[in-house]
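A structural walkthrough
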Amino acid sequence: MSVKEEIHSQIVGALADASFPINSPEDLLAAMPAGADTKCKAGDVEITAGEAGALLTPEDFPIESAKQIADTLVERAGL
């Protein structure tokens, strides 16, 4: 599995119990198991939910699924 696929999978897994839609960055962080400190790590790449939030814009909300947010984050992180 590539780093991109692993990070994507970890994001989806972290949001497995989240209620959708998620309407704001604050709601997204609240949905993460450890809030802004939730970490995804693969190979030499590590990113926290707080860092990932900087990749989002107001136009990204509402978020309708874990896959949608994972797709957006890995694309914008350049993984």
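Each remark here, short or long, concerns the structure printed above.
First, a word on what this report is: a plain description of the structure on this page. Computed from a predicted structure; not experimentally measured. (Residues numbered from 1 in each chain as written. Predicted model: local features only at pLDDT ≥ 70, side-chain atom pairs only at ≥ 80, totals over all residues. Heavy atoms only, no water.)

When helices and strands are tallied, the protein shows four helices and two strands. Counting from the amino terminus, the protein carries its helices and strands in the arrangement α-α-β-β-α-α. For 79 residues, the compact-globule formula gives about 12 Å, and the C-alpha radius of gyration of the protein, at 11 Å, lands near that figure. Each principal axis of the C-alpha distribution contributes one length, and for the protein these read about 30 × 25 × 20 Å. (Helix = DSSP H or I, 4+ residues; strand = E, 2+ residues; numbered from the N terminus. Rg over C-alpha atoms; globule rule 2.2 N^0.38 Å.)

Quick look at the pattern of salt bridges now. The full count for this structure, using the stated rule, is three salt bridges. For the salt bridge of Glu 46 with Lys 39, the shortest nitrogen-to-oxygen distance reads 3.8 Å. With a relative accessible area of 42%, Glu 46 lands in the partly exposed category. For Asp 71, the salt bridge is made with Lys 67, and the minimal N-O distance between the two is 2.7 Å. With a gap of four residues between them, Asp 71 and Lys 67 both fall in helix α4 (residues 66-76), about one helical turn apart. (Salt bridge = Lys/Arg side-chain N within 4 Å of Asp/Glu carboxyl O. Buried < 20%, exposed > 50% of the residue type's maximum accessible area, 1.4 Å probe, protein only.)

Right, let's talk about α4 for a bit. In an α-helix, one turn spans 3.6 residues, which is why side chains three or four residues apart end up on the same side. Taken together, the buried positions of α4 are Ala 66, Ile 69, Ala 70, Thr 72, Leu 73 and Val 74. In this structure, the buried residues of α4 make contact with α1 (3-14), α2 (25-31) and α3 (49-53). A positive phi of about 70° marks Gly 78, the residue just after α4. (Contact = heavy atoms within 4.5 Å.)

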